[in-house]
Amino acid sequence: YYDSDDLEVIAEELIYNCDLAYATEALELGIRLYPRTFAFRILKVKKLLMEFEIETAGKELDRIEMDFPPEAELYVEKAFFAKISGHDNDALPLLKKAYQLDPDHPEVNYMLGEEYLQRGDYQRAFDHICFALDEDETFEEQLGTLSFFFEEDKKYNDAILFFTWLTEKYPLSKCAWFGL
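Throughout what follows, the structure given in this document is the object of discussion.

Rules used in this analysis
Residues numbered from 1 in each chain as written. Predicted model: local features only at pLDDT ≥ 70, side-chain atom pairs only at ≥ 80, totals over all residues. Heavy atoms only, no water. Helix = DSSP H or I, 4+ residues; strand = E, 2+ residues; numbered from the N terminus. Buried < 20%, exposed > 50% of the residue type's maximum accessible area, 1.4 Å probe, protein only. Salt bridge = Lys/Arg side-chain N within 4 Å of Asp/Glu carboxyl O. Expected span 1.5 Å × (residues − 1). Arc of directions from axis to C-beta. Phe/Tyr/Trp six-rings, centres within 6.5 Å; stacked < 30°, edge-to-face > 60°. Axes fitted to C-alpha atoms, helices over the stretch in contact; angles between N-to-C directions. Left-handed = near helix turned anticlockwise from the far one by under 90°. Contact = heavy atoms within 4.5 Å. Nonpolar A, V, L, I, M, F, W, Y, C, P; charged D, E, K, R; others polar.

Digging into the overall build of the protein chain
Right, on to step 1. Helices and strands together make up the secondary structure of the protein chain, namely eleven helices and zero strands.
Right, on to step 2. Put simply, the protein chain runs from its N terminus to its C terminus through helices and strands in the order α-α-α-α-α-α-α-α-α-α-α.
Right, on to step 3. If one aligns the C-alpha atoms of the protein chain with their principal axes, the spans along those axes are about 55 × 30 × 30 Å.
Right, on to step 4. Buried residues in the protein chain amount to 42% of all 180 residues.

Below you can see the structure in the form of structure tokens.
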């Protein structure tokens, strides 16, 4: 048997590598051995989403919300779920809940930044995205994708303004320059 941390890492790696059959086995084992561990249930949702089992993933998120105390990661997953299931307007309130639970969580901040960006609240978007970048440099790689939010709505001048802010704050960021 594995301890819960080792099994969690294994399951996460299997999901990341899209080895979903083995991921299913690892998650079933993790849930059976450690039924009160939040991480296995959230990983199960991620796997279900990768398998396009949207309805089942939604039901699992609801069960997790009933079975565990509130955690920021739950609301991040619920926000992601809302977006992929066509309920974009539900994402921001869920991310705000996640932020209330863990305002220092880089992923929460980055996703809040994306939501504010889509809504045209560029200062809030900038603040949250910069916080995420300052806390976790891996988010830098995602900066280039922000340009799609502007391009979708043909807000080219707004894109220039936003990415100018980013390049001034992060002058060595290739992705910020790419967005500009």
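As for the pattern of salt bridges
Right, on to step 1. Within this structure, the stated rule accounts for 14 salt bridges.
Right, on to step 2. Put simply, R119 and E115 hold a salt bridge, and the shortest N to O gap is 2.6 Å.
Right, on to step 3. Linking D134 and K169 is a salt bridge whose minimum nitrogen-to-oxygen distance equals 3.9 Å. With D134 in helix 8 (residues 122-135) and K169 in helix 10 (residues 156-169), the pair connects residues that are 35 residues apart, well separated along the chain.
Right, on to step 4. Each of R41, K44, E60, R63 and D67 takes part in salt bridges that share partners, so that together they form one network.

Digging into unusual backbone geometry
For residues besides glycine, phi is generally negative; the peptide bonds are generally trans as well.
Right, on to step 1. Even without being glycine, C18 reaches a positive phi, approximately 60°.
Right, on to step 2. Inspection of the secondary structure puts C18 in the loop between helix 1 (4-16) and helix 2 (20-33).

Details of helix 4 (residues 54-67)
Right, on to step 1. With 14 residues, helix 4 should cover 20 Å at 1.5 Å per step; its first-to-last C-alpha distance of 20 Å lies within 8% of that length.
Right, on to step 2. Listed as buried for helix 4 are A57, G58, E60, L61 and I64. One face of helix 4 carries all of its buried residues, which in axial projection span an arc of 160°. Away from its buried face, by an angle of more than 90 degrees, helix 4 presents the exposed residues E55 and M66.

Considerations on the packing of aromatic side chains
Right, on to step 1. Per the counting criterion, the structure on display carries eleven aromatic pairs.
Right, on to step 2. Geometrically, the ring pair formed by F126 and F162 is edge-to-face, given 6.2 Å between the ring centres and 90° between the ring planes. Placement of F126 in helix 8 and of F162 in helix 10 is noted, with a sequence separation of 36 residues between them. A single burial state applies to F126 and to F162, both of which are buried.
Right, on to step 3. Ring centres 6.1 Å apart and planes at 65° place the aromatic pair F150 and F163 in the edge-to-face group. In this pair, F150 is assigned in helix 9 (residues 143-152) and F163 in helix 10, connecting sequence segments 13 residues apart.
Right, on to step 4. You can call F163 buried: its relative accessible area is 0%.
Right, on to step 5. The rings of Y122, F126, F150, F162, F163 and W165 are connected pair by pair, giving a single aromatic cluster.

Brief notes about the packing of helix 5 (residues 72-84) against helix 7 (residues 106-118)
Right, on to step 1. The contact between helix 5 and helix 7 brings their axes to 10 Å, and the two run at 35°. As for the relative orientation of helix 5 and helix 7, their crossing is left-handed in sense. Listed contacts from helix 7 to A72, V76, A79, F80 and K83 of helix 5 are E107, V108, M111, E115 and Q118.
Right, on to step 2. Grouping the constituent residues of the contact of helix 5 with helix 7 by class yields six nonpolar, one polar and three charged.

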